[in-house]
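# Results of the structural survey
Here is how the chains run, residue by residue.
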Amino acid sequence: MKALLLIALVGCVNNDDVPPPRIGDVQPASAPPGSVVSISGSGFCQLPASMTGDPAACDPGAVDFDTVPATISTWDDRSIMVEVPAGATGAVTLVVIANARSSNGVAFTVD
């Protein structure tokens, strides 16, 4: 019984019951550095089901254009607004990192 309880607690601590963040759409699909980009999707807050609805618990993660981090304007569970970083160029892969978990990658072009 003790082992079962320990496994259950570890699962909750690691947010194993929450799917990883998922990018559904990025608008626009290309933009120059300094432009604001809207990312829509799900799981950006990485909260267990019992904690949903508590916006104070949603800590912003990171958005990378390849390996270049973006400046975040807004962040919630289904929507993120970021600025295209100056260090990113050409065809890149945009990824959301929330609670140390990476989303699917989406193609983006830095003009």
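Residues numbered from 1 in each chain as written. Predicted model: local features only at pLDDT ≥ 70, side-chain atom pairs only at ≥ 80, totals over all residues. Heavy atoms only, no water.

## Describing the side chain of Gln46
- In this fold, Gln46 is placed in the loop between strand S3 (36-42) and strand S4 (62-65).
- Exposure remark for Gln46: the relative accessible area of 2% places this residue in the buried category.
- One polar contact links the side chain of Gln46 to the main-chain carbonyl oxygen of Pro19, over a distance of 3.0 Å.
- A polar contact is formed between the side chain of Gln46 and the side chain of Arg101, at a distance of 2.7 Å. (Helix = DSSP H or I, 4+ residues; strand = E, 2+ residues; numbered from the N terminus. Buried < 20%, exposed > 50% of the residue type's maximum accessible area, 1.4 Å probe, protein only. Polar contact = N/O pair within 3.5 Å; in protein donor to acceptor, adjacent residues only side chain to side chain.)

## With respect to the pairing of S3
- Alternating residues of S3 divide into Val37, Ile39 and Gly41, all buried, and Val36, Ser38, Ser40 and Ser42, none buried.
- Here strand S1 (residues 22-27) pairs with S3 via five bridges, running antiparallel. In the strand pairing of S3, Val26 is matched with Ile39.
- Two elements, S3 and strand S7 (residues 79-83), share five bridges in a ladder whose sense is antiparallel. Bridged to Ser40 within S7 is Ser79. (Pairing = 2+ DSSP bridges.)

## A closer look at the confidence of the model for the protein chain
- In the predicted model, the protein chain carries a mean pLDDT of 85, and the fraction of residues at 70 or more is 77%.
- Low confidence marks residues 3-12, where pLDDT is under 50. Its contacts with residues over four positions away, or in another chain, come to two contacts. (pLDDT = per-residue confidence, 0-100. Contact = heavy atoms within 4.5 Å.)

## Some remarks on unusual backbone geometry
- Put simply, Gln27 and Pro28 share a cis peptide bond, and its omega is -10°.
- In this fold, Pro28 is placed in the loop between S1 and strand S2 (30-31).
- Even without being glycine, Ala100 reaches a positive phi, approximately 65°.
- Structurally, Ala100 can be placed in the loop between strand S8 (90-98) and strand S9 (101-102).

## Brief notes about the pairing of S4
- Pairing analysis gives four bridges linking S4 to S8, with the strands arranged antiparallel. Paired with Ala62 across the bridge in S8 is Ile97.
- Here S4 pairs with strand S5 (residues 68-69) via two bridges, running antiparallel. Paired with Asp64 across the two strands is Pro69, which belongs to S5.
- Hairpin geometry of S4 and S5 is characterised by an intervening segment of two residues between the two adjacent antiparallel strands and by a positive phi of about 60° at Asp66.

## Topic: the sheet that holds S3
- Taken together, the four strands give an open sheet; going across it, the order is S1-S3-S7-S6, and neighbouring strands pair in antiparallel fashion. Whereas interior strands pair on both sides, the edge strands pair on one side only; in this sheet they are S1 and strand S6 (71-75). Averaged over all adjacent pairs, the angle separating strand axes in this sheet is 25°, with direction ignored. (Axes fitted to C-alpha atoms, helices over the stretch in contact; angles between N-to-C directions.)

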